[in-house]
Amino acid sequence: MTAQPPEPSPLPAPSTELRASHDDREAVVEQLRDAAAEGRIDLDELDSRLEQALQSKTHAELAVLTADLPRLNSSASQPPLVLKGGMYGASRGPGRWEVPGHVIAHGGVGGVKVDFTRVECRLTEVAVEAHGETSGVTLVIPDGWAADTSGMDPGVGGVKNETTPDRLPGTPLIRLTGSGGVGGVVIRHPNRRERRKLHSNPTQG
């Protein structure tokens, strides 16, 4: 009689056993601190939940800590922001605007500029898909933000990362993908003219 192979062990349900990352734990920590600031939980409970959050290994363990708190209107869940340069160009900023988790920029003939210098972004990472096409894409990020351009195809126009690598805690990483096309893609911090404008109008909306 031929022995039957043992049945494979069932896999853990991904919805409850998915491992949590450092960013996942940090997001819960921020939500708990906000809840304490709003008076939803007291300081003793905050300390207890923070300790559990930092020790949590799965998404299920983290979910228990925020199950009785209002859900955040997360920018990460919003649809992508799509900017198309077209014939006359397109831009977003430098005023205050809500940053989604995904931005798509097509330079077209007129070019695209995305200015993050006045935004308040609580995301740990923003995915930017940039296509330089004919006239290019320019991204301006505040000092202290960092960028990763390793996923970019330089194309003919190239990709210029003129940012500093010194990322401040709590600031997002701009992760670039796409192609430089003919016009190229540039990501940088504010230039002198933009800095003067920021300093002269610090509360511009």
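A quick note: this is a predicted structure, and the numbers were derived from the prediction, not measured. (Residues numbered from 1 in each chain as written. Predicted model: local features only at pLDDT ≥ 70, side-chain atom pairs only at ≥ 80, totals over all residues. Heavy atoms only, no water.)

(A) Spatial organisation of the layout of surface pockets. In this structure, the second largest pocket spans a volume of roughly 150 Å³. Taken together, 13 residues form the lining of the second largest pocket, with Pro 94, Lys 113, Asp 115, Glu 194 and Lys 197 sitting closest to its centre. Secondary structure elements with two or more residues in the lining of the second largest pocket: β2 (90-92), β4 (112-115) and α5 (192-200). In terms of residue count, α5 provides more of the lining of the second largest pocket than any other element does, four residues in total. (1 Å grid on protein atoms, 1.4 Å probe; cavity = no way out; pocket = protein on both sides within 12 Å on 5 of 7 lines; lining within 4 Å. Points joined across faces, edges and corners; volume = space filled by probe spheres on them. Helix = DSSP H or I, 4+ residues; strand = E, 2+ residues; numbered from the N terminus.)

(B) View of a nonpolar patch on the surface. A surface patch of nonpolar side chains, amounting to about 430 Å² of accessible area, comprises Met 87, Tyr 88 and Val 109. Topologically, Tyr 88 is positioned in the loop between β1 (81-84) and β2. Residue Tyr 88 is classed as exposed on the basis of its relative accessible area, which comes to 81%. (Patch = residues over 30% accessible without salt bridge, like charges linked within 9 Å, V, L, I, M, F, W, Y side chains within 5 Å. Areas by Shrake-Rupley, 256 points an atom, 1.4 Å probe, with all protein chains shown as cover. Salt bridge = Lys/Arg side-chain N within 4 Å of Asp/Glu carboxyl O. Buried < 20%, exposed > 50% of the residue type's maximum accessible area, 1.4 Å probe, protein only.)

(C) Spotlight on the side chain of Arg 118. Relative to the helices and strands, Arg 118 resides in the loop between β4 and β5 (125-131). Within the buried set, Arg 118 has no salt-bridge partner at all; the shortest N-O distance to an opposite charge, 7.0 Å, is to Asp 115. There is a polar contact of 3.5 Å between the side chain of Arg 118 and the backbone oxygen of Pro 94. Engagement of the side chain of Arg 118 in a polar contact is seen with the backbone oxygen of Lys 197, the distance being 3.4 Å. (Lys, Arg positive; Asp, Glu negative; His and termini not counted. Polar contact = N/O pair within 3.5 Å; in protein donor to acceptor, adjacent residues only side chain to side chain.)

(D) Fine view of the nonpolar core. In this structure, Phe 116, Val 126, Val 128, Leu 139, Ile 174 and Leu 176 are the most contacted members of the largest nonpolar core, which totals 25 residues. Elements represented by at least two residues in this core include exactly β1, β3 (102-106), β4, β5, β6 (137-140), β7 (146-153), β9 (173-179) and β10 (185-188). At three residues, β5 tops the list of elements feeding residues into this core. Not counting residues within four places of it along the chain, the set of residues in contact with Phe 116 comprises Trp 97, Val 99, Val 128, Leu 139, Val 140, Ile 141, Pro 142 and Trp 145. Counting residues in each nonpolar core, the second largest holds 13 residues, with Val 29, Ala 35, Ile 41 and Leu 62 among its members. (Core = buried A, V, L, I, M, F, W, Y, C linked by side-chain atoms within 4.5 Å. Contact = heavy atoms within 4.5 Å.)

(E) The arrangement of unusual backbone geometry in detail. In the segment running from Gly 93 into Pro 94, the intervening peptide bond is cis, with an omega of 15 degrees. By the element assignment, Pro 94 lies in the loop between β2 and β3. Positioned with a positive phi, Glu 133 is a non-glycine residue whose angle comes to about 50 degrees. Topologically, Glu 133 is positioned in the loop between β5 and β6.

(F) Spotlight on the pattern of salt bridges. Within the structure shown, the criterion is met by twelve salt bridges. Residue Arg 40 is joined to Glu 38 by a salt bridge in which the shortest nitrogen-to-oxygen separation is 2.7 Å. Its relative accessible area of 53% is what places Glu 38 among the exposed residues. Among the ionic pairs, Arg 96 bridges to Glu 120, the shortest N-O distance being 4.0 Å. Separated by 24 residues along the polypeptide, Arg 96 in the loop between β2 and β3 and Glu 120 in the loop between β4 and β5 bring together distant segments of the chain. Residue classification places Arg 96 among the partly exposed residues on the basis of a relative accessible area of 46%. Owing to a relative accessible area of 69%, Glu 120 belongs among the exposed residues under this scheme. Here the salt bridges share partners, and the residues they tie into one network are Glu 30, Arg 33, Asp 34 and Arg 122.

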